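Examination of the molecular architecture
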Amino acid sequence: MKLLRRIPKEELIADIIFFIIPAVISLLVVILFDMHWSFYPGREIQFIFTNKLPYLIAFFAGGTAGFFLIKLLMFGFIEEEKAIKKRK
């Protein structure tokens, strides 16, 4: 039994994309949440968060959660495809 397998370059690139897309979406949501007070009449654009920590947490937490959700969904699709091929 071979325990280690080579990971193709395409899979690594896909994993990076699966992390970056949810991370950027999470970051944009936090930025919009931070700025939403500025959308009221008579206010100028300002940010509530005074340091970058909430943005970093949102980026990495959103990216990690999104990555695992996408991988779990893909695993389910692959298992379903195997089950369908097995029934035929």
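Refer to the structure printed above.
All of the points below concern the structure found in this document.

So, on to the overall build of the protein. Within the protein, the regular secondary structure consists of 2 helices and 0 strands. Against the compact-globule benchmark of 12 Å for 88 residues, the protein has a radius of gyration of 20 Å, which places it well outside the compact range. Along the three orthogonal principal directions, the C-alpha set of the protein runs to about 65 × 30 × 15 Å. A total of 88 residues make up the protein; the buried ones form 18% of that total. Sequence-distant contacts in the protein: of pairs separated by 6 or more residues, those separated by 24 or more amount to 63%. By element, 73% of the accessible surface of the protein is carried by carbon and sulfur atoms, the whole surface being about 7,700 Å². Where the 12 positive side-chain charges of the protein centre and where its 8 negative ones centre are 9 Å apart.

Within the fold, Lys-71 resides in helix 2 (residues 53-87). Put simply, Lys-71 and Phe-39 are 32 residues apart on the chain and 37 Å apart in space, counted from C-alpha to C-alpha. Residues in contact with Lys-71, not counting those within four places in the same chain, are Glu-11, Asp-15 and Phe-18.

In a packed pair of helices, the relevant descriptors are the angle between the two axes and the axis-to-axis distance. Viewed as axis vectors pointing N to C, helix 1 (residues 9-35) and helix 2 meet at an angle of 135°, and their least axial separation amounts to 7 Å. Comparing their axes, helix 2 and helix 1 come out oblique. The hand of the helix 1/helix 2 crossing is right-handed. The residue inventory of the contact of helix 1 with helix 2, partitioned by class, reads 17 nonpolar, 5 polar and 4 charged.

Time to look at the pattern of salt bridges. Taken as a whole and judged by the stated rule, the model has 4 salt bridges. Its salt-bridge partner being Glu-80, residue Arg-87 comes within 3.7 Å of it at the nearest N-O pair. You can call Arg-87 exposed: its relative accessible area is 64%. For Glu-80, a relative accessible area of 43% gives the class partly exposed.

Each α-helix winds once per 3.6 residues, and so residues spaced three or four apart point in a common direction. Taking 1.5 Å of rise per residue, the 27 residues of helix 1 would be expected to cover 39 Å, and the 39 Å separating its terminal C-alpha atoms lies within 8% of that figure. Of all the positions in helix 1, only Asp-15, Phe-18, Pro-22, Ala-23, Ser-26, Val-30, Asp-34 and Met-35 are classed as buried. Contact partners of the buried residues in helix 1: helix 2.

Definitions and cut-offs
- Residues numbered from 1 in each chain as written.
- Predicted model: local features only at pLDDT ≥ 70, side-chain atom pairs only at ≥ 80, totals over all residues.
- Heavy atoms only, no water.
- Helix = DSSP H or I, 4+ residues; strand = E, 2+ residues; numbered from the N terminus.
- Rg over C-alpha atoms; globule rule 2.2 N^0.38 Å.
- Buried < 20%, exposed > 50% of the residue type's maximum accessible area, 1.4 Å probe, protein only.
- Contact = heavy atoms within 4.5 Å.
- Areas by Shrake-Rupley, 256 points an atom, 1.4 Å probe, with all protein chains shown as cover.
- Lys, Arg positive; Asp, Glu negative; His and termini not counted.
- Charge placed at Lys NZ, Arg CZ, Asp CG, Glu CD.
- Axes fitted to C-alpha atoms, helices over the stretch in contact; angles between N-to-C directions.
- Parallel < 35°, antiparallel > 145°, perpendicular 65-115°, else oblique.
- Left-handed = near helix turned anticlockwise from the far one by under 90°.
- Nonpolar A, V, L, I, M, F, W, Y, C, P; charged D, E, K, R; others polar.
- Salt bridge = Lys/Arg side-chain N within 4 Å of Asp/Glu carboxyl O.
- Expected span 1.5 Å × (residues − 1).

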